[in-house]
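Close look at the chain arrangement
The lines below spell out each chain.
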Protein chains: 2
Amino acid sequence: MTILSAQPLPMSRCSINTATLGHRSPIGEVIERVARHGFGGISPWRRDLEGQDHRLVGKHIRDAGLSLSGYCRGAYFPGASRQAFEANVTDNFRAIDEAAALGAPCFVLVVGSLPEGSKDIAAARAQVAEGLAMLLPHAREAGVGLAVEPLHPMYAGDRSCITSLGEALALCDRLDPSREGGVGVAIDVYHVWWDWRLSEDIAAAGHSGRIMAFHVCDWLVPTNDLLLDRGMTGDGVIDVGSIRREVEQTGYQGFAEVEVFSPRWWSTPEDDVLAACARGFAAI
Amino acid sequence: MTILSAQPLPMSRCSINTATLGHRSPIGEVIERVARHGFGGISPWRRDLEGQDHRLVGKHIRDAGLSLSGYCRGAYFPGASRQAFEANVTDNFRAIDEAAALGAPCFVLVVGSLPEGSKDIAAARAQVAEGLAMLLPHAREAGVGLAVEPLHPMYAGDRSCITSLGEALALCDRLDPSREGGVGVAIDVYHVWWDWRLSEDIAAAGHSGRIMAFHVCDWLVPTNDLLLDRGMTGDGVIDVGSIRREVEQTGYQGFAEVEVFSPRWWSTPEDDVLAACARGFAAI
């Protein structure tokens, strides 16, 4: 086992998820700003790119000296009808093509959960597995990894029926039993830090080559809103540094990407948010 | 395997956790009211009984024709200092004596989590295990079961470092490897419904004789507050009936206890709350 020293993460491996900046400025400006602050990567959302040529945006990103750490995010799979489910899958097919045009290494999937009126989380999980299986051949052909992101269990009712890293990995193994690749996980400390099995699941994810993205932010105490009260890395109670080390001990050398949803940060000038992101990375 | 038909739970096996009524009335009135509505059990909180003779309250409960389904709830174990930790354990010793005086079959433990300033959830877990080990001989002597209640992971920062049924069971097995008893779990659908391992963990809990309490309420979509927005059984997205059947298929024949924290219900007349509880039980 390699024991890594607690080296600060080099800025070249730090990425900014555009949601952290609140989707306030056109993507071109965001790209320039992120590059100016010295980060190495960026992960845009679909909403940032509406009506744009994804190929050109990808070129802009590379010309600015940035790499893509991912593309956010999938349409929820489960639907109240077969037709709704198929429309969701179709939307995700389109998003894979966008990710490929951008040159993103992976497409982050927040999988959805109970359709309105349903209490059947097992059925939602089955739809998610079916939808991913439909996408996987296309994603492989496009060279875009499907990064399944388990969300915190407080989103199990509406946003994600996949609620732990262990569950996401079991799903990957079902979809890709011979480990050809093309499907993996996005590990966000916010969603998984509470899990008593976290260390063993990170090790399993790393050793099976499934870690496609690593997201950081923090859990505030108290947390006043289920969706919009994330903390900047270092401001909360998650031992992000330890989790980062566990992820890297599996051999992961990709980006750490900061993703914060918070009106507090969204009303802070963008340059100040990016400076806070840099301080957060330095602390882990 | 016994397949049970979906019989409605008889009222004799339905219990009211006094928090559901908002701790508005003296415990004597609450006991009479719960009995008048035909429920078979009650589970009081320590705060309901401050300054009272627990033996007399227990007699009142039995005289009203009710049984105790539990006694709520433990002081958080972890402390920022050894002294603080020991004070918390001492407080739980007292609570066990109170539970014995009442005649409660079990004492429900919400175990606590990170002391202020800490990010070390493993240390919190170690303190919880140590505290429980200190209590267990006394609890066995007193005839009061220690019911460890895993809480929803959204409470991992402050209220409970035990965040899944599987984790709680592993802790029980460490404390009581030869299954002498005296330590088990309180399963609250609100806290565990999201867990992909729930069915197997319920089976394991039941087959090891560890289910000491079963609590019901519901998860609302949207949920607007992390602590105080629980729904009445049937009003949310949890398939409580299926979970109840899984619990009973292990042989559990104890109470289902309704525990709702909600200002909406706390501002509803107590008789109306109890009527809603009865409707909720009928629906599962």
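Definitions and cut-offs
- Within each chain, residues carry numbers counting from 1 in the order of the written sequence.
- Each chain gets a letter, beginning with A, and each ligand a number, beginning with 1, in the order they are written.
- At least 70 in pLDDT is required for a residue's local features to be given in this predicted model, at least 80 for side-chain atom pairs to be given and counted, and no such filter applies to totals for whole chains, interfaces and linings, which use all residues.
- In this description, a residue-residue contact is defined by the distance between C-beta atoms placed from the backbone, which must lie within 7 Å.
- When residue character is reported, Ala, Val, Leu, Ile, Met, Phe, Trp, Tyr, Cys and Pro are called nonpolar, Asp, Glu, Lys and Arg charged, and the others, Gly included, polar.
- Under this scheme, a helix contributes an axis fitted over its contacting stretch, all axes are lines through C-alpha atoms, and angles between N-to-C directions fall in the 0 to 180 degree range.
- Each helix is a run of H or I in the DSSP string that is no shorter than four residues. Each strand is a run of E no shorter than two, and both are numbered from the N terminus.
- Here roughly perpendicular refers to angles of 65 to 115 degrees, roughly parallel to angles under 35, roughly antiparallel to angles over 145, and oblique to all remaining angles.
- Crossing handedness: left-handed means the near helix sits turned counterclockwise from the far one by under a right angle, and right-handed means the same turn made clockwise.
- Strands pair, by our definition, only if DSSP identifies at least two bridges between them.
- Copies are brought into register by a least-squares superposition over C-alpha atoms of residues with pLDDT of at least 70 in both.
- Exposure criterion: with C-beta atoms placed from backbone coordinates, a residue whose C-beta has 20 or more other C-beta atoms within 10 Å is buried, one with 12 or fewer is exposed, and one in between is partly exposed.
- Read the arc as the range of directions from the helix axis to the C-beta atoms.
- For crossovers, right-handed means that the path from the first strand over the helix to the second runs clockwise, given strands pointing away from the viewer.

Here we come to the interface of chain A and chain B. It is common to give the size of an interface as the accessible area lost on bringing the parts into contact. Contacts between chain A and chain B engage 22 residues on the former and 22 residues on the latter. For the side of chain A that touches chain B, the class distribution of residues is eleven nonpolar, five polar and six charged.

What follows is about the packing of helix α4 (residues 121-142) of chain A against helix α5 (residues 165-175) of chain A. Residue and element names in this part refer to chain A. Between α4 and α5, whose axes approach to 10 Å, the crossing angle comes to 50°. Between α4 and α5, the interaxial angle falls into the category oblique. Crossing of α4 over α5 shows right-handed handedness. Across the interface between the two elements, Ala129, Leu132, Ala133 and Leu136 of α4 pack against Leu171, Arg174 and Leu175 of α5. Taken together, the residues that form the contact of α4 with α5 break down as six nonpolar, no polar and one charged.

Before going further, it helps to spend a moment on the sheet that holds strand β8 (residues 211-216) of chain B. Spatially, the nine strands line up as an open sheet ordered β3-β2-β1-β9-β8-β7-β6-β5-β4 (chain B), and their pairing is parallel. The sheet is open, and its two edges are formed by β3 (67-68) and β4 (71-72) of chain B, each paired on a single side.

The transform that puts chain A on chain B rotates by 180° and translates by 0.0 Å along the axis, for an RMSD of 0.0 Å. Here the two chains are linked by the operation of a two-fold rotation axis. Counting the interface residues of chain A, we find that 100% of their copies in chain B are interface residues as well, pointing to one common contact surface.

As a further point, take helix α2 (residues 54-63) of chain A. Residues three or four positions apart in an α-helix share a direction because the helix packs 3.6 residues into each turn. All names here are of chain A. What α2 keeps buried is the set Val57, Gly58 and Ile61. Viewed end-on, α2 has its buried residues packed into an arc of 100°, placing them on one side of the element. Those residues of α2 hidden inside the fold are in contact with α1 (27-36), β2 (41-43), β3 (67-68) and α3 (82-102). Directly after α2, the chain includes glycine 65, whose backbone phi takes a positive value near 85°.

With that settled, consider the sheet that holds strand β5 (residues 106-109) of chain A. Residue and element names in this part refer to chain A. With parallel pairing, nine strands are arranged side by side in an open sheet as β3-β2-β1-β9-β8-β7-β6-β5-β4. If you trace the sheet from one side to the other, it starts and ends with β3 and β4 (71-72), each paired once. Sheet topology places β4 next to β5; two bridges connect them, and they run parallel. The partner of cysteine 72 across the bridge, within β5, is valine 108. On the sheet, α5 packs against β6 (145-148) and β7 (183-188) and is oriented at approximately 170° with respect to β7.

Attention now moves to the packing of helix α3 (residues 82-102) of chain B against helix α4 (residues 121-142) of chain B. Residue and element names in this part refer to chain B. Running from amino to carboxyl end, α3 crosses α4 at an angle of 25°, the nearest separation of the two axes being 10 Å. Of the possible angle classes, the one that applies to α3 and α4 is roughly parallel. Between α3 and α4 the crossing geometry is right-handed. For the pair formed by α3 and α4, the contact residues are Phe85, Asn88, Val89, Asn92, Phe93, Ile96, Asp97 and Ala100 on the first element and Gln127, Gly131, Met134, Leu135, His138, Ala139 and Ala142 on the second. Of the residues that constitute the contact of α3 with α4, the class distribution is nine nonpolar, five polar and one charged.

Residues and elements named next belong to chain B. Here strand β5 (residues 106-109) shows no split at all, with Cys106 and Val108 on one side and Phe107 and Leu109 on the other all buried. Handedness of the crossover joining β4 and β5 through α3: right-handed. Pairing of β5 with strand β6 (residues 145-148), which is carried by four bridges, proceeds in the parallel orientation. Residue pairing in the sheet places valine 108 in a bridge with alanine 147 of β6. Chirality of the crossover, the property in question, places the unit of β5, α4 and β6 among those that are right-handed.

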